[in-house]
Amino acid sequence: TLFRSLSKSEVAYKFPEQLPLSELSPPMLIEHPLRCLVLCAQVHAGMWKRNGFSLVNQIYYYHNVKCRQEMFDKDILMLQAGASMMDPNHFIMIMLSRFELYEILSTPDYGKRFSTESTNKDVLQQTTTLIEEMLHLIIMIVGERYSPGVGHVNAKDEIRREIIHLLSIKPMAHSELVKALPEDENKEIDRK
């Protein structure tokens, strides 16, 4: 939220010497949001099956449209802010490390290791899912610019995007659409 406010007011651009950037190291900024998203990826890959449904329920609410704006969206925003202040190679290396994919992707015989008959099918599926989730996260960090202060959008553009995404899933009545929008965006929209 601080980064968003500083971007909107252009304080970061006009008075960069006033920001305590030495205290806000980018790796520290991205650590906790990245951990949350890696945990979600691991659950999606089936690596936490024995922990019951409490973790699955937490992740459901983390991604749920009513709570997403306070959790998931802010984590993506923090990763974008941290990534923008880092060397891209360093950022990717941190992501590979947190997803525990560095060793797998850095060895030249990666394909040979997983093509043998002795490889457990679950391990192969989990690794494939983790790679997919990491690539999806990179795409979101680079391409998701629909937040005022991050992209060149305003609140109306943000609401329009949410509505388009909801209507692309299935047709909805106005009342159903209003219920599906995040809480902060449940306000009257100009009919222009």
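Reading the values: rules and limits
Residue indices follow the written sequence of each chain, beginning from 1 at its first position. Since the coordinates come from a predicted model, pLDDT governs what is reported: local features require at least 70, and pairs of side-chain atoms require 80 or more to be given and counted, while whole-chain, interface and lining totals use all residues. Just so you know, side-chain values use all the structure's heavy atoms and leave hydrogens and water out. Aromatic pairing here means that ring centres of Phe, Tyr or Trp (its six-membered ring) are within 6.5 Å. Orientation follows from the plane angle: under 30 degrees is stacked, over 60 is edge-to-face, and everything else is tilted. Buried Ala, Val, Leu, Ile, Met, Phe, Trp, Tyr and Cys residues form a nonpolar core when they are joined through side-chain atoms within 4.5 Å. Remark: exposure states derive from per-residue accessible area (1.4 Å probe, protein chains only) relative to the maximum for the residue type, with buried under 20%, exposed over 50%, and partly exposed in between. A helix here means a DSSP run of H or I that spans at least four residues, while a strand means a run of E at least two residues long, and both kinds are numbered starting from the N terminus. The contact definition used throughout considers only heavy atoms, calling two residues in contact when any of these lie within 4.5 Å. In the sections that follow, a salt bridge refers to a side-chain nitrogen of Lys or Arg positioned within 4 Å of a carboxyl oxygen of Asp or Glu. For every residue, the predictor reports its confidence as pLDDT, a number between 0 and 100. The convention used is that axes are lines fitted to C-alpha atoms, helices contributing only their stretch in contact, and that angles between N-to-C directions extend from 0 to 180 degrees. In this scheme, a crossing is called left-handed if the near helix is turned counterclockwise away from the far one by less than a right angle; it is called right-handed if the turn is clockwise. Classification convention: Asp, Glu, Lys, Arg as charged; Ala, Val, Leu, Ile, Met, Phe, Trp, Tyr, Cys, Pro as nonpolar; all other residues, Gly among them, as polar. Exposure above 30% relative accessible area and no salt bridge define the residues that can form patches, which grow by joining like charges within 9 Å and nonpolar side chains of Val, Leu, Ile, Met, Phe, Trp and Tyr within 5 Å. For every accessible area listed, the method is Shrake-Rupley and the probe measures 1.4 Å; residues are considered covered only by the protein chains on display. Starting at the helix axis, one direction is taken to each C-beta atom, and the arc is that of these directions.

Engineer: So what exactly am I meant to see when it comes to the packing of aromatic side chains here?
Structural biologist: Each pair of aromatic rings is reported with the distance of its centres and the angle of its planes. Throughout the structure, instances matching the rule amount to 2 aromatic pairs. A ring pair is formed by Tyr60 and Tyr61, whose centres lie 5.0 Å apart and whose planes are at 75°; its orientation type is edge-to-face.

Engineer: Looking at this structure, I do not really get the nonpolar core. What am I missing?
Structural biologist: Nonpolar side chains tend to gather and get buried jointly when the protein is soluble and globular. Leu34, Met95, Phe99, Leu101 and Leu137 are the most contacted members of the largest nonpolar core, which totals 29 residues. Among the secondary structure elements, those contributing two or more residues to this core are α3 (26-44), α4 (53-63), α5 (72-84), α6 (88-98) and α9 (121-143). The leading source of residues in this core is α3, at 7 residues. With sequence-adjacent residues up to four places away left out, Phe99 is seen in contact with Leu34, Val38, Ala41, Leu130, Glu133, Met134 and Leu137. Within the second largest apolar cluster, 6 residues are counted, among which are Ile159, Leu177, Ala180 and Leu181.

Engineer: Would you mind going over the pattern of salt bridges with me for this structure?
Structural biologist: Oppositely charged side chains can form a pair if their charged atoms are brought close together. In this structure the tally under the stated criterion is 8 salt bridges. Note that Glu162 is salt-bridged to Arg68, the shortest N-O span being 2.6 Å. Taken together, the positions of Glu162 in helix α10 (residues 155-169) and Arg68 in the loop between α4 and α5 put the pair 94 residues apart, joining distant regions of the chain. Judged by its relative accessible area of 10%, Glu162 is buried. Overall, the relative accessible area of 16% leaves Arg68 in the buried class. Of the charged contacts in the structure, one is a salt bridge between Arg160 and Asp157, with a shortest N-O distance of 3.1 Å.

Engineer: Explain the confidence of the model for the protein chain to me, please; I cannot follow it from the model alone.
Structural biologist: In low-pLDDT segments, the atomic positions of the prediction should not be examined closely. Of all residues in the protein chain, 77% have pLDDT values of 70 or greater, and the mean over the chain is 82. Within the protein chain, the element-level pLDDT minimum falls on helix α1 (residues 2-9), averaging 59, and the maximum on α6, averaging 95.

Engineer: What is the right way to look at the packing of α3 against α6 in this model?
Structural biologist: Angle between the axes and distance between the axes: these two values describe a pair of packed helices. For the pair α3 and α6, the least separation of the axes is 10 Å and the interaxial angle reads 35°. Regarding α3 and α6, the two cross each other, and that crossing is right-handed. Side by side, α3 and α6 meet where Pro27, Ile30, Glu31, Leu34 and Val38 of the first sit next to His90, Phe91, Ile94, Met95 and Arg98 of the second. Of the residues in the contact of α3 with α6, the class split is 7 nonpolar, 1 polar and 2 charged.

Engineer: How should the environment of Glu133 be read in this particular structure?
Structural biologist: By the secondary structure assignment, Glu133 is in helix α9. What makes Glu133 partly exposed here is its relative accessible area of 24%. In this structure the C-alpha to C-alpha distance between Glu133 and Cys40, which are 93 residues apart in sequence, comes to 9.0 Å. Other than its neighbours up to four places away in sequence, Glu133 contacts Ala41, His44 and Phe99.

Engineer: I would appreciate a short explanation of a nonpolar patch on the surface in the present structure.
Structural biologist: A grouping of Tyr60, Tyr61 and Met71 is seen on the molecular surface, where their side chains present a nonpolar patch of about 320 Å² in accessible area. Along the chain, the position of Tyr60 falls in helix α4.

Engineer: I'm lost on α4 in this one. Help?
Structural biologist: The α-helix winds at 3.6 residues per turn, so residues separated by three or four positions along the chain end up facing the same way. Taken residue by residue, α4 has Leu55, Ile59 and Tyr62 as its buried positions. Take α4 and look down its axis: the buried residues cluster within an arc of 55°, on one side only. Where α4 is buried, its residues meet α3 and α5.

Engineer: Honestly, unusual backbone geometry in this entry has me stumped. Any pointers?
Structural biologist: When glycine is set aside, most residues are seen to have a negative phi, and most peptide bonds are trans. Unusually for a residue other than glycine, Glu100 sits at a positive phi of about 55°. By the secondary structure assignment, Glu100 is in the loop between α6 and α7 (102-106). Taking relative accessible area as the criterion, Glu100 reaches 58% and is therefore assigned exposed.

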